[in-house]
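# Descriptive analysis of the structure
Chain residues, written in single-letter form:
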Amino acid sequence: MSKQSIIYLAGDRLVLVQGKPGAKKLAVTGYLQQALPEGTVLNGVVADPAAFTDGLKALRAAAGKAAAKAWLVVDSSQIMAKPLAAPKQLKEKQLLNIVRSELSELDAAGRDLVYDYTELPPVPGSPERQLLCGAAERGMIEQYTELFSAAGIRLAGVSSALGSCLRMVEFLPELALQSFILCVLDGQTVVTYLFAGGRYLMNTRSRLITERGGTAVLGELLGRVSSMLQFSQSQKAAEPAKTVYFCGLQPAEAPGCQLVADTFGVQALPLPAFRSVTAAPKTGFSLADAFVAVGGLVKSKRRRADFLAASHSKAAPAGMEKKSSGLPWALPIVLSVLLVSAWGVLFYGNARLSGQIAAVQAYTKDPANLAALAQVQADRTAAENYQAAAAEAGRAVDILNSTLQPDEALLRRADGAAADAISFTGYDYVADEDRLTYSCAAADYHSIPDFISRMFATGDYTAIGYGGYTQAPGEGGYVFTITCTVKGAE
């Protein structure tokens, strides 16, 4: 197999991976990174074309022939994506029509989009084909083409980071059947993916507030990991996620994985190397740092989305082509007769309708009728207000009768669980949901997991949600919140 090149457009850099893709092995032969000035690319959109072109030219000069032609993988929430199941017997044009229909409804801005789809692994026993629908703005794809061409790089295709990530998971036997969470850190952006039995379920994207380069970054990710774990545990089709892998961690951040493991009782670690992907030591390649990029090299017989090819296609979607043919000589005469007949029916109908409208207008102008209507409307409004008030009063009574209030004893037990390590700065109680939210402060974030365990031990709560901690600005220490579901009254 000949060498192929992938350029991954990350938030703050360009990543080039060259390799020889095979059915079961992938050999990386080249790996280069080119930093971009801050603000050059924002969420996949090139904000500074001049700086971006300079970065591309520098990458082209360093990589030589390896960057002459490359497939572009873009990480951007501007690229829409949606999993979809479709009948297997549908042809490509019919599937593209479905993709267009599904995603155009989600685009409230009315943008000029190009559509394509990636075919995912089939579900055993299912009669349907699994797709990842995608849509990208035409102007964004055209801008990529122009800027890469100006740097002397010819694009072979354009696809999304999500599609690349899914192909990589399918390619690696160690991940293909596993339930896990994958956190990909890129500058101040983190994308968290959830897989169940190797199948993609969902992903979230967010910006990191914490400065990179310390274990506190992992503390900020606790809330995102917690949400993914809860969603994973609600799924019935596969085992819940028991491992959290991290890509893009800096060396000083890696020890923070232990915090994630201790907090949730799962395995948490930087993504390890796998035997299916090899690279010479001199390349400096690390799978954990280039997971999404190298996914673009994965060989597959199934179709993958190519927004560049879709932007060049001018064909109308299946079922929307216009056809024309000559009219029979008698057809104009038939149409004329039908038109005259329709005009006569319309004239007769309008005459009857005018009489009915006049009768209605006379009825609505009668003062007695208007007074009766006003009284009916007033009575109806009063009845609706009374019903609403009665319903609200009944609801309040139900809440008071069925909901345990946060009494002094409950708060005193919470204070005992806090001990000297945690201090409360306030709480908020939502009675109709039995939800009690504590605002807390801690001098050392290592004390937080033990505190949550002690809160569980009080027996006052059925669930405790923890959304991670942040450093207290200017005061030292850490602040965080926990949301507790209070046990209802017996």
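See the structure printed just above.
Residues numbered from 1 in each chain as written. Predicted model: local features only at pLDDT ≥ 70, side-chain atom pairs only at ≥ 80, totals over all residues. Heavy atoms only, no water.

## Observations regarding the packing of aromatic side chains
Scanning the model with the defined rule gives 12 aromatic pairs in all. Ring centres 5.7 Å apart and planes at 65° place the aromatic pair Phe 180 and Tyr 245 in the edge-to-face group. Of this pair, Phe 180 sits in strand 11 (residues 180-186) while Tyr 245 sits in strand 14 (residues 243-247), and the two are 65 residues apart along the sequence. Of the two residues, Phe 180 and Tyr 245, both sit in the buried class. Pairing Tyr 469 with Tyr 478 gives two aromatic rings, centres 5.1 Å apart and planes at 80°, and the pair type is edge-to-face. Here Tyr 469 matches Tyr 478 in class, with each residue buried. An aromatic cluster is built from Phe 424, Tyr 438, Phe 451, Tyr 466 and Phe 480, whose rings are joined through pairwise contacts. Its guanidinium or amino end placed over the ring of Tyr 117, Arg 303 lies 4.4 Å from that ring's centre, counting from NZ or CZ. Sitting above the plane of the Trp 71 ring, Arg 304 keeps its charged end 3.6 Å from the centroid. (Phe/Tyr/Trp six-rings, centres within 6.5 Å; stacked < 30°, edge-to-face > 60°. Helix = DSSP H or I, 4+ residues; strand = E, 2+ residues; numbered from the N terminus. Buried < 20%, exposed > 50% of the residue type's maximum accessible area, 1.4 Å probe, protein only. Lys NZ or Arg CZ within 6 Å of the ring centre and 35° of its normal.)

## Quick notes on the pattern of salt bridges
Counted under the stated rule, the structure contains 13 salt bridges. Among the ionic pairs, Glu 170 bridges to Arg 302, the shortest N-O distance being 1.8 Å. Residue Glu 170 is found in helix 4 (residues 161-171), and its partner Arg 302 is found in the loop between helix 9 (291-295) and helix 10 (307-312); the two are separated by 132 residues along the sequence. For Arg 302, a relative accessible area of 23% corresponds to the partly exposed category. The partner of Glu 253 in a salt bridge is Arg 212, with the nearest N and O atoms 2.6 Å apart. Of this pair, Glu 253 sits in the loop between strand 14 and helix 8 (257-264) while Arg 212 sits in the loop between strand 13 (199-207) and helix 6 (216-220); the two residues are 41 residues apart in sequence, bridging distant segments of the chain. Side by side, Glu 253 and Arg 212 carry an identical accessibility label, which is buried. (Salt bridge = Lys/Arg side-chain N within 4 Å of Asp/Glu carboxyl O.)

## What about the layout of surface pockets?
The computed volume of the largest pocket comes to approximately 610 Å³. Along the walls of the largest pocket sit 33 residues, with Pro 121, Leu 166, Glu 170, Gly 198 and Arg 199 positioned nearest its centre. Listing elements by their share of the lining of the largest pocket, those giving two or more residues are strand 7 (80-87), strand 8 (113-119), strand 9 (128-137), helix 4, helix 5 (173-176) and strand 13. (1 Å grid on protein atoms, 1.4 Å probe; cavity = no way out; pocket = protein on both sides within 12 Å on 5 of 7 lines; lining within 4 Å. Points joined across faces, edges and corners; volume = space filled by probe spheres on them.)

## Quick word on the sheet that holds strand 17 (residues 422-430)
Taken in spatial order, the 4 strands make up an open sheet running 17-18-20-19, and their pairing is antiparallel. Since the sheet does not close on itself, it has two edges, and those belong to strand 17 and strand 19 (461-471), each with one partner. Within this sheet the neighbouring strands show an average axis-to-axis angle of 20°, counted without direction. Note: strand 18 (residues 435-442) against strand 20 (residues 478-486), 8 bridges, orientation antiparallel. The partner of Tyr 438 across the bridge, within strand 20, is Ile 482. (Pairing = 2+ DSSP bridges. Axes fitted to C-alpha atoms, helices over the stretch in contact; angles between N-to-C directions.)

## So, the nonpolar core
Judged by nonpolar contacts, the single largest core of 48 residues is most densely connected at Phe 246 and Ile 482. In terms of residue count, the dominant contributor to this core is strand 20 (5 residues). Apart from the residues lying within four places of it in its own chain, the contact partners of Phe 246 are Cys 183, Leu 185, Leu 218, Leu 221, Cys 257, Val 260, Ala 268, Leu 269, Pro 270, Leu 271 and Ala 288. (Core = buried A, V, L, I, M, F, W, Y, C linked by side-chain atoms within 4.5 Å. Contact = heavy atoms within 4.5 Å.)

## Looking at the sheet that holds strand 8
Strand order in the open sheet formed by 3 strands is 7-9-8, with antiparallel pairing between adjacent strands. What marks the edges here is a single partner per strand, and that holds for strand 7 and strand 8. Going across the sheet, the axis of each strand differs from the next one's by a mean of 30°, ignoring polarity. Sheet topology places strand 8 next to strand 9; 7 bridges connect them, and they run antiparallel. Each residue of the ladder has a partner; that of Leu 113, found in strand 9, is Glu 137. Contacting strand 7, strand 8 and strand 9, helix 2 (residues 92-104) runs over the sheet at an angle of about 120° to strand 8.

## Quick word on the environment of Val 123
Summarising the element assignment, Val 123 is placed in the loop between strand 8 and strand 9. For Val 123, a relative accessible area of 29% corresponds to the partly exposed category. Along the sequence, Val 123 and Ala 85 sit 38 residues apart, while their C-alpha atoms lie 9.9 Å from each other. Setting aside residues no more than four positions away along its own chain, Val 123 makes contact with Gln 130 and Arg 199.

## Regarding unusual backbone geometry
Phi is positive for Asn 43, which is not a glycine, with a value near 55°. Classification of Asn 43 as partly exposed rests on a relative accessible area of 30%. In this structure, Ala 419 is a non-glycine residue whose phi angle is positive, near 55°. The topology assignment puts Ala 419 in the loop between helix 13 (408-418) and strand 17.

## Quick look at empty space enclosed by the protein
Across all of its chains, the model carries 1 cavity of 30 Å³ or more by this definition. Estimated volume of the largest cavity: approximately 110 Å³. Thr 118, Ser 159, Ser 160, Gly 163 and Ala 305 are the residues nearest the centre of the largest cavity, which is lined by 17 residues in total. Tallied by class, residues from the lining of the largest cavity come to 7 nonpolar, 8 polar and 2 charged. (Nonpolar A, V, L, I, M, F, W, Y, C, P; charged D, E, K, R; others polar.)

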